[in-house]
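# Notes for the structure review
The chain contents come next:
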Amino acid sequence: MMSAVDDEADMCCAACGIKQLDNIKLKNCTACHLVKYCSVACQKNHRKQHKKECKKRMAELRDELLFKQPESSHLGDCPIC
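We now turn to the structure provided with this report. In this convention, every chain numbers its residues from 1, walking through the sequence in written order. Since the coordinates come from a predicted model, pLDDT governs what is reported: local features require at least 70, and pairs of side-chain atoms require 80 or more to be given and counted, while whole-chain, interface and lining totals use all residues. With hydrogens and water stripped out, all remaining heavy atoms of the structure feed into the side-chain values.

What follows deals with the nonpolar core. Here the nonpolar core consists of buried residues drawn from Ala, Val, Leu, Ile, Met, Phe, Trp, Tyr and Cys, with membership extended through side-chain atoms lying within 4.5 Å. The classification of residues rests on relative accessible area computed with a 1.4 Å probe and restricted to protein chains. Under 20% of the type maximum is buried, over 50% is exposed, and intermediate values are partly exposed. Grouped together as the largest cluster of nonpolar side chains are nine residues: Cys13, Ile24, Leu26, Cys29, Cys32, Val35, Tyr37, Cys42 and Cys54. Dropping the residues within four chain positions of it, Leu26 is found in contact with Met11, Cys12, Cys13, Ile18, Gln20, Lys36, Tyr37 and Cys38. We call two residues in contact when some of their heavy atoms are within 4.5 Å.

Here it is in structure tokens:
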């Protein structure tokens, strides 16, 4: 369950703290989708602090895709039989 504080943090730039307004559209980090930025400059400035957490989340996302069990497409219990 997310709190109001989490919602507010999600709606501001991770680098400068500017809040999302009508004229300011925040964009997610394209790699991990954990943080938002108001500009490319803010994303570049924040990269050093964000890099470790970003790589960790990217690895988690990759593992989820690799180890996700595919939907069964065969009729029997054993795909070989």
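Right, let's get into the side chain of His50. Relative to the elements of secondary structure, His50 occurs in helix α2 (residues 40–67). For His50, a relative accessible area of 5% puts it in the buried group. Aside from chain neighbours lying at most four places away, what touches His50 is Cys29, Cys32, Val35 and Tyr37. Runs of H or I in DSSP of at least four residues are treated as helices and runs of E of at least two as strands, each being numbered from the N terminus.

On the secondary structure map, Ala59 appears in helix α2. When its relative accessible area of 25% is taken as the criterion, Ala59 is described as partly exposed. For the pair Ala59 and Cys32, spaced 27 residues apart in the sequence, the C-alpha separation amounts to 9.2 Å.

Moving on, we get to α2. A rise of 1.5 Å per residue sets the reference length of α2, with its 28 residues, at 40 Å; its end C-alpha atoms lie only 33 Å apart and thus fall more than 12% short of the reference. Within the sequence span of α2, burial applies to Cys42, His46, His50 and Cys54. What a helix should span is 1.5 Å times the count of its residues minus one.

Only one rule defines a salt bridge in this text: a Lys or Arg side-chain nitrogen within 4 Å of an Asp or Glu carboxyl oxygen. Summed over all chains, the structure comprises three salt bridges. Glu64 is the partner of Arg57 in a salt bridge, and the nearest nitrogen-oxygen pair spans 3.9 Å. You can call Glu64 partly exposed: its relative accessible area is 49%. Across the pair Arg62 and Asp63 runs a salt bridge whose closest N-O atoms are separated by 3.7 Å. Within this structure, Arg57, Glu60 and Glu64 form a network of salt bridges that share partners.

Tracing the sequence through the fold places Val40 in helix α2. Considered as a pair, Val40 and Lys27 are 13 residues apart in the sequence and their alpha carbons are 9.3 Å apart.

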